[in-house]
Amino acid sequence: MENVISYLKDNLESSLNELKDYISIPSISTLESYNNEMTRCAEFAAAKLKDAGMTRVEIFPTSGHPVVYGEWLGKPGKPTVLIYGHYDVQPVDPLELWKNPPFEPVIDSERIWGRGSDDNKGQHFVHIKSVEAFFKTVGEPPVNVKFILEGEEEIGSTNLPAFIKDYQELLKCDAVLISDTSLYAKGIPTITYGLRGLLYMEVEVTAANRDLHSGSFGGAVANPINELAKIISKLHDKNGKVTIPNFYKNVVALSKLERDNFKRLKLSDKEYAKEVGVKELQGEKGFTTLERLWARPTLDCNGIVGGFIEEGAKTVLPSKALAKISMRLVPNQDPEKLAKEFTKYIKALTPKSVKVDVRTLHYGNAAMVPLGSKALTAGANAVAKAYGKKTVFTREGGSIPIVVDFTKLLKAPVVLMGLGLDSDDIHSPNEHFLLENFEKGQYASAYFLDELSKI
Ligand code: BES
Ligand code: MN
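Residues numbered from 1 in each chain as written. Chains lettered and ligands numbered in written order. Predicted model: local features only at pLDDT ≥ 70, side-chain atom pairs only at ≥ 80, totals over all residues. Heavy atoms only, no water.

Participant: What exactly am I supposed to notice about the side chain of D180 here?
Facilitator: Looking at the secondary structure, you find D180 in the loop between β7 (175-178) and β8 (190-195). Here D180 is buried and forms no salt bridge, its nearest opposite-charge partner R328 lying at an N-O distance of 10 Å. Side-chain polar atoms of D180 contact the side chain of N120, separated by 3.0 Å. Not counting the four nearest positions on each side in its chain, D180 is found in contact with H86, D119, N120, Q123, E153 and I400. (Helix = DSSP H or I, 4+ residues; strand = E, 2+ residues; numbered from the N terminus. Buried < 20%, exposed > 50% of the residue type's maximum accessible area, 1.4 Å probe, protein only. Lys, Arg positive; Asp, Glu negative; His and termini not counted. Salt bridge = Lys/Arg side-chain N within 4 Å of Asp/Glu carboxyl O. Polar contact = N/O pair within 3.5 Å; in protein donor to acceptor, adjacent residues only side chain to side chain. Contact = heavy atoms within 4.5 Å.)

As structure tokens, this is what we get:
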């Protein structure tokens, strides 16, 4: 292993430069105008898998963005690891808040900056490099390796479940390795065992058949923005609970053991509030911050549009208003059922003076990975070795929709080996990735393959 680790160390600079090229491709999956960049990015990733030593590399078209696949199966009799990542990124708005352009990555003494630097190009590139290091030093990796890199994670992995179903044989493996989560804190090796799910809805309220003069018509005709705001304000009660009927119906209560484990992580509300720049935290009554973030469902308005949004003033009674509303879900909540409940409830809250249209954009299930698997222990040992500390086990508030499908369809344990930090500003301007995590992540990845080969 020494050879492998020193190879990774010696090649850190060139790896970083390759990552820079990867980040330079604006692979925004949700904006159709970027479809060519998505293809270009898939081709780039495929080339990197080839360079890393994969003997079969293929780009599979889907009805959305392509799936990139790579494999090296030179170790019959040894376990096979399937490494998952996503090459798509989130949109970059508001652009004016970026210190450097999002797709012109910059490296300083501690970080690499750019959209996708953490989520998820930086995080999965680590594994490509660690696999490469085995070929370049000891001749070959100690286990069989498969890669699957998708281009639709940030839009709910719409086409990936069907792909996994169709290619179950191709994707067959003994463990799935994913780095798309966070360390509990800087320098703390972390394995995540739970993720929240997501249900993303759009609510469009229409009043008059066109924009109207707010003096001539205001007071007599409903204002869709006012009505939408009223609807949104009714989605939580005074205790911070979501009011949608049956929303909490199947939510699993936290066990005493898990609550205690969360407490042992000693999150400081004060520091947390300070870090995000608020005076006080807010959430569902009766739960601690970590419980609210990791084990309780939530509802948030992610965007709202309507009426006059330019500079200055315009007196107008808008015809339409639109809200994008998403819910983070926890295990046992059924996104499809909740989409129906949500739609019914929004309709019930809407007055006759306006029309409402409720649409489902996408959804994904919450995931829990069993703590007992050998693969998970291998993951925990690997990160502990790389960071020189004891591994902590966390749940997280974000979502990786495909985790559940991997578990169900491939029946393989999923190891969530997060290398990001919650402070990396993913989905936000100035996303960055710690060079320390880029480096130690590569070691952790190499140790993991080594540990896995001993199972
Ligand atoms: N890497 C994140 C998920 C994540 C973030 C997990 C932080 C744990 C901590 C992933 O790329 C992501 O952003 N997923 C989306 C999925 C959604 C669009 C279905 C999310 O959570 O919003
Ligand atoms: Mn993301």
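Participant: Looking at this structure, how should I read the coordination of the manganese ion (ligand 2)?
Facilitator: For a metal with four tetrahedral donors the ideal donor-metal-donor angle is 109.5 degrees, while six octahedral donors give ideal angles of 90 or 180 degrees. Taken together, the protein ligands of the manganese ion (ligand 2) are D119 (OD), E154 (OE), E154 (OE) and H427 (NE2), with distances of 1.9 to 2.7 Å. Its 6 donor atoms give the manganese ion (ligand 2) angles of 53 to 154 degrees at the centre, a pattern that matches the irregular case. One chain supplies every donor for the manganese ion (ligand 2), spaced along it as D-x34-E-x272-H. Pair noted here: D119 is in the loop between β5 (111-113) and α4 (121-137) and H427 is in the loop between β17 (414-416) and β18 (432-434), with a separation of 308 residues, a long-range link. Residue H427 is classed as partly exposed on the basis of its relative accessible area of 40%. (Donors = N, O, S within 2.8 Å, 3.2 Å for Na, K, Ca; no water. Tetrahedral: all angles 85-135°; square planar, octahedral: opposite > 155°, others 65-115°.)

Participant: Looking at this structure, how should I read the site of ligand 1?
Facilitator: The immediate surroundings of ligand 1 are formed by 16 residues, with D119, E153, D180, R328 and S399 found nearest. H86 places a polar side-chain atom, nitrogen or oxygen, 3.0 Å from an oxygen atom of ligand 1. At a separation of 2.8 Å, an oxygen atom of ligand 1 approaches a polar side-chain atom of E153. In the complex, 92% of the free accessible area of ligand 1, which totals 510 Å², lies under the protein chains. (Near = heavy atom within 4 Å. Areas by Shrake-Rupley, 256 points an atom, 1.4 Å probe, with all protein chains shown as cover.)

Participant: I tried to follow the pattern of salt bridges on my own but got confused; where do I start?
Facilitator: Applying the stated criterion to the full structure yields 21 salt bridges. Note that E140 is salt-bridged to K75, the shortest N-O span being 2.8 Å. Of the two residues, E140 sits in the loop between α4 and β6 (144-150) while K75 sits in the loop between β2 (67-72) and β3 (80-86), which places them 65 residues apart along the sequence. Since its relative accessible area comes to 31%, E140 is described here as partly exposed. Residue class for K75 comes out partly exposed when judged on its relative accessible area of 23%. The salt bridge involving E436 is made with K186; its shortest N-O contact spans 3.0 Å. Of this pair, E436 sits in helix α14 (residues 435-453) while K186 is found in the loop between β7 and β8, placing the two residues 250 residues apart along the sequence. Residues joined in a network through salt bridges with shared partners are E202, E204, K324, D357 and R359.

Participant: Can you walk me through the sheet that holds strand β4 (residues 106-107) in this structure?
Facilitator: Sheet strands associate in pairs through backbone hydrogen bonding, adopting either a parallel or an antiparallel arrangement. Here 3 strands make up an open sheet; going across it, the order is β4-β5-β18 and the pairing antiparallel. Looking at the sheet topology across the chains shown, the edges are occupied by β4 and β18. One ladder, built from 3 bridges, connects β5 with β18; its direction is antiparallel. Considered in β18, the bridge of W113 is made with H432. Seen against the sheet, α14 touches β4, β5 and β18 and runs at an angle of roughly 55 degrees to β18. (Pairing = 2+ DSSP bridges. Axes fitted to C-alpha atoms, helices over the stretch in contact; angles between N-to-C directions.)

Participant: So what exactly am I meant to see when it comes to the environment of G372 here?
Facilitator: Structurally, G372 can be placed in the loop between β15 (367-368) and α12 (374-387). Relative accessible area serves as the criterion here: at 70%, G372 is assigned to the exposed category. Considering only alpha carbons, one finds G372 and E140, 232 residues apart in sequence, at a separation of 29 Å.

Participant: Is there a simple way to think about the sheet that holds strand β14 (residues 355-364) in this case?
Facilitator: Spatial ordering of the open sheet is given by β11-β13-β9-β14, a layout of 4 strands whose pairing is antiparallel. Single-partner strands in this sheet number two, and they are β11 (298-306) and β14. When strand polarity is set aside, the average angle formed by the axes of neighbouring strands in this sheet is 15 degrees. When strand β9 (residues 197-206) meets strand β13 (residues 320-329), the two strands line up antiparallel, connected through 10 bridges. Within β13, the position partnered with T206 by the bridge is K320. Those strands touched by helix α7 (residues 224-233) are β9, β11 and β13, and its axis lies near 15 degrees from that of β13.

Participant: So what exactly am I meant to see when it comes to the packing of aromatic side chains here?
Facilitator: What describes a pair of aromatic rings is the distance from one ring centre to the other and the angle between the planes of the rings. Tallied over the entire structure, the rule returns 12 aromatic pairs. Aromatic pair Y184 and W294: ring centres 6.3 Å apart, planes at 75 degrees, arrangement edge-to-face. Of this pair, Y184 sits in the loop between β7 and β8 while W294 sits in helix α10 (residues 289-294), placing them 110 residues apart in sequence. On the accessibility criterion, Y184 (21% relative accessible area) is partly exposed. By relative accessible area, W294 is classed as buried at 7%. A centroid spacing of 5.2 Å and a plane angle of 85 degrees characterise the contact between F247 and Y248, whose relative ring orientation is edge-to-face. Every member of this aromatic cluster is reached through a ring pair, and the members are F60, Y69, F163 and Y167. Just above the ring of Y22 sits the side chain of K121; from NZ or CZ to the centre is 5.3 Å. (Phe/Tyr/Trp six-rings, centres within 6.5 Å; stacked < 30°, edge-to-face > 60°. Lys NZ or Arg CZ within 6 Å of the ring centre and 35° of its normal.)

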